[in-house]
Amino acid sequence: MKVDFQCAGGTSRTTAAMCSGVQPTAAGLGLGLGLGLGGFFTWITVSVLARLRSPTPHKMAFTGRWETETQEGYDAFCKLLGIPDDIIEKGRDYKLITEVTQSGDDFSWTQIYPTDAKVTNKFTIGKECDMETIGGKKFKATVSMEGGKLSVTFPNYHHTSEISGGKLVETSKAGSVVLKRTSRKL
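In this report, we go over the structure that sits alongside the text. (Residues numbered from 1 in each chain as written. Predicted model: local features only at pLDDT ≥ 70, side-chain atom pairs only at ≥ 80, totals over all residues. Heavy atoms only, no water.)

### Here's the deal with the overall build of the chain
Alright, step 1. Tallying secondary structure elements over the chain gives four helices and 14 strands in all.
Alright, step 2. Taking all 186 residues of the chain together, 34% fall into the buried category.
Alright, step 3. Residue pairs in contact within the chain that sit at least 24 positions apart in sequence constitute 36% of those at least 6 positions apart.
Alright, step 4. When the accessible surface of the chain is totalled, it reaches about 10900 Å², and 54% of it is carbon and sulfur. (Helix = DSSP H or I, 4+ residues; strand = E, 2+ residues; numbered from the N terminus. Buried < 20%, exposed > 50% of the residue type's maximum accessible area, 1.4 Å probe, protein only. Contact = heavy atoms within 4.5 Å. Areas by Shrake-Rupley, 256 points an atom, 1.4 Å probe, with all protein chains shown as cover.)

What follows is the structure, encoded as structure tokens:
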């Protein structure tokens, strides 16, 4: 969609930044909104149209290789899941590597754990798929995305992933116990 603006003197512009006192032309917007109300409505109209035309920011945001920076609630969460103390100890300071490839709504999500254990789950947003836990337990789940946040329920906990401040933030909840892992992009 092309947006035309009528500047003082009849000059046609395609962006509001090019002139002051810009009025959107009804033909250019196809809506007729904002006429006679000045640059404020033009700015709102341009902002809304830019959001409608631009792909959502989360569309490819997950793609990349990520390394753990911080973990909160790690010990309590692992103990609740029944992970042995020696494994908890080994993994506490390990820099988990998460590799994500994304093509539209299709994902491949690989996590590389201590001792080079690796789990890859492939899924499509909104479609049931086969998944696997680090312990090798296979299950069926449907990953959803709302507001740029991926969400899935594992057998013993609920997991969300999002990009916040350029970081991958993963939150796993089992009852009142929460593990929050923040990773930086490599």
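Moving on from the model shown.
### Comments concerning the pairing of strand β6 (residues 106-112)
Alright, step 1. A large share of β6 lies buried, amounting to six of its seven residues.
Alright, step 2. For strand β5 (residues 97-103) and β6, the ladder comprises seven bridges, and the chain directions are antiparallel. Its bridge partner lying in β6, Glu99 is registered against Thr110.
Alright, step 3. Bridge count between β6 and strand β7 (residues 118-124): seven bridges; the pairing is antiparallel. In the strand pairing of β7, Thr110 is matched with Thr120. (Pairing = 2+ DSSP bridges.)

### Re the nonpolar core
Alright, step 1. Core analysis: the biggest nonpolar cluster contains 23 residues, and Phe62, Phe107, Trp109, Phe123, Met131, Val143 and Leu150 have the highest contact counts within it.
Alright, step 2. Every element with two or more residues in this core is listed here: α3 (74-80), β6, β8 (128-132), β9 (138-142), β11 (149-153) and β13 (167-174).
Alright, step 3. Tallying contributions element by element places α3 first for this core, with three residues.
Alright, step 4. Ignoring any residue separated from it by four or fewer positions in sequence, one finds Phe62 in contact with Val100, Gln102, Phe107, Trp109, Met145, Gly148, Leu150, Ser161, Glu162, Ile163 and Leu168. (Core = buried A, V, L, I, M, F, W, Y, C linked by side-chain atoms within 4.5 Å.)

### Here's the deal with the sheet that holds β13
Alright, step 1. Strand order across the open sheet formed by nine strands is β7-β6-β5-β4-β14-β13-β12-β11-β10, with antiparallel pairing between neighbours. The open sheet is flanked by β7 and β10 (144-146), the only strands paired with a single partner. Sheet twist, expressed as the average angle between the axes of neighbouring strands with direction ignored, equals 25°. (Axes fitted to C-alpha atoms, helices over the stretch in contact; angles between N-to-C directions.)

### Structural notes on the environment of Lys127
Alright, step 1. The residue Lys127 is located in the loop between β7 and β8 in this model.
Alright, step 2. The exposure class assigned to Lys127 is exposed, which follows from its relative accessible area of 54%.
Alright, step 3. As a C-alpha pair, Lys127 and Ser144 span 17 residues in sequence and 8.3 Å in three-dimensional space.
Alright, step 4. What Lys127 contacts, discounting residues up to four positions off in sequence, is Ala141 and Thr142.

### A look at the pairing of strand β4 (residues 64-72)
Alright, step 1. With four bridges connecting them, β4 and β5 associate as antiparallel partners. From the neighbouring strand, Gly64 faces β5, where its bridge partner is Val100.
Alright, step 2. With six bridges connecting them, β4 and strand β14 (residues 177-185) associate as antiparallel partners. If you follow Thr68 over to β14, its bridge partner there is Ser183.

### Considering the packing of aromatic side chains
Alright, step 1. Per the stated rule, a full pass over the model turns up six aromatic pairs.
Alright, step 2. Centroid distance Phe107 to Phe123: 5.0 Å. Interplanar angle 10°. Geometry classified as stacked. Note that Phe107 is positioned in strand β6 and Phe123 in strand β7, a separation of 16 residues in sequence. Here Phe107 and Phe123 have matching classes, each one buried.
Alright, step 3. Geometrically, the ring pair formed by Phe154 and Tyr157 is stacked, given 4.9 Å between the ring centres and 5° between the ring planes.
Alright, step 4. Accessibility expressed as a relative area gives 12% for Phe154, which makes it buried. (Phe/Tyr/Trp six-rings, centres within 6.5 Å; stacked < 30°, edge-to-face > 60°.)

What is shown is where atoms sit, not what they do.
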